[in-house]
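# Per-entry structural report
Spelled out from the first residue to the last, the chains are:
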Amino acid sequence: MLSKTILIKFLLKRYLRFDKAQPFISITAILAFLGVGVGVMVLIVAMAIMNGMSKEFEKKLFVMNYPLTLFATTPKGVSEDILDALEEKFPHLLFSPYLKIESVTRHNGVMSAGIVFGVDIQREAKINEILAQAIKGIKISDFYQDKFSLIIGEGLKEILMAQKNSKISLFFTKLEPTGLTFSPTMKRFDVKGFFSSGLKAYDTSYLYANISAIAAIKNVPAGIYNGIHIYSKHPMQDIAKIKEFLLNTQNNGVAVEGWWQQNGNFFSAMALEKRVLFIVLMLIILMASLNIISSLLMVVMNRRKEIALLLSLGASSNEIRKTFFWLGNLIGISGIIFGVILSMLVLYVLSTFPIISLPADVYGITKLPIDLSLIDFFSTIIGAVLIVCASSYYPAKKASEVNALSVLRNE
């Protein structure tokens, strides 16, 4: 057994040396090494960027979508009794009831459509970090005293050219009779502050007002809501408990959903894009591994006489197969290690220096997000190793099938 190992090691060292007589064979092996390395590097870097972008979008969407949302499925709405029961049953969760209504905002002759959320500003600020930042410097008592106070996004502020304490008009979809016709309800609100979520879609269309003001506009009795925003540190576990509680208390007019369900199509599309990108970039490693096959086959063809002589001197076909199999693995796996080192260097440079800058108005960030997950990393390594092993097997098999008698007789 020891002699077999020594023979394989000897042959590996011999075949890995640069062949001056046949330099093209060695150049092909070097190209295979570089190709596998670059393929692994590109795949790891691409997965880190994709994962970073996904996490960044998830963070942005999570800010304005809340971990869990309880909403009414009937016109009766969500009652105060349900809110009290939930707060008693789940004291570790934070609840913020809301009313919602569509509106058209008008100021300085400019109009923009949006959604107005009527909230208890103190409750909402506890579960909405963006809103909490917006009300800093604002006296909460003033917000409650002025029933028709409003907080709008920075995007809407730019569209309407509004300032703090500006009076803007809101036209609501609720119609009121005026003579022989119906006209939309119009109210003037005082702008008390501005929020910035980092996503233009929210900053231009979301508005926050007192829940009492929206209740009056919608003519909704006190204690009736469109839904309840819920903050949970473990929403995927708590959603099942809340559903069970609602079922046991026979609250059939309400339902609950998580932020991941509200944006399921978006994250499904990103996950599909990531999988497709992984497969496409893995083809780079597959193409590079073809150089391993061609390099090993050329070595086999060039060393046919030597292989035949080794077989005639007592070397087994299994030893020859192992020699060429490990020869291909050494080229490929060393390329994988080189690719991992190169990818770590590239990721360090991208995360440290502002080489690639993103438009803040599109992505909400200026720095390229990098987040390499262990699953992506090990999937890349395992996939590359399997491709390298598969590429090394066929040339090794062909080497072990050399007919020693025929080769020595003819050559």
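The structure contained in this document is the topic of the report that follows. As the structure is a prediction and not an experimental result, all values here were calculated from the model.

## Remarks on the overall build of the protein
Secondary structure assignment for the protein yields 17 helices and 11 strands. Burial analysis of the protein (411 residues in total) assigns 45% to the buried set. Considering only contacts in the protein between residues 6 or more positions apart, those separated by 24 or more positions represent 79%. Working note: accessible area of the protein is about 21700 Å², and carbon and sulfur atoms make up 62% of it.

## Let's talk about a nonpolar patch on the surface
On the surface, Ile-27, Ile-30, Leu-31 and Leu-34 cluster together into a nonpolar patch covering about 330 Å² of accessible area. Summarising the element assignment, Ile-30 is placed in helix H2 (residues 23-65). Its relative accessible area of 42% is what places Ile-30 among the partly exposed residues.

## So, the side chain of His-229
As for its position among the elements, His-229 is in strand S10 (residues 227-231). According to the relative accessible area criterion, His-229 is buried, its value standing at 3%. With residues up to four places along the chain from it excluded, the contact list for His-229 reads Tyr-66, Leu-68, Thr-69, Leu-94, Phe-95, Ser-96, Tyr-98, Phe-117, Glu-124 and Ile-127.

## A look at the environment of Phe-324
Along the chain, the position of Phe-324 falls in helix H14 (residues 317-352). Judged by relative accessible area, Phe-324 falls into the buried class, the value being 1%. Along the backbone, Phe-324 and Tyr-393 are 69 residues apart, and their C-alpha atoms lie at a distance of 8.2 Å.

Conventions we followed
Residues numbered from 1 in each chain as written. Predicted model: local features only at pLDDT ≥ 70, side-chain atom pairs only at ≥ 80, totals over all residues. Heavy atoms only, no water. Helix = DSSP H or I, 4+ residues; strand = E, 2+ residues; numbered from the N terminus. Buried < 20%, exposed > 50% of the residue type's maximum accessible area, 1.4 Å probe, protein only. Contact = heavy atoms within 4.5 Å. Areas by Shrake-Rupley, 256 points an atom, 1.4 Å probe, with all protein chains shown as cover. Patch = residues over 30% accessible without salt bridge, like charges linked within 9 Å, V, L, I, M, F, W, Y side chains within 5 Å. Salt bridge = Lys/Arg side-chain N within 4 Å of Asp/Glu carboxyl O.

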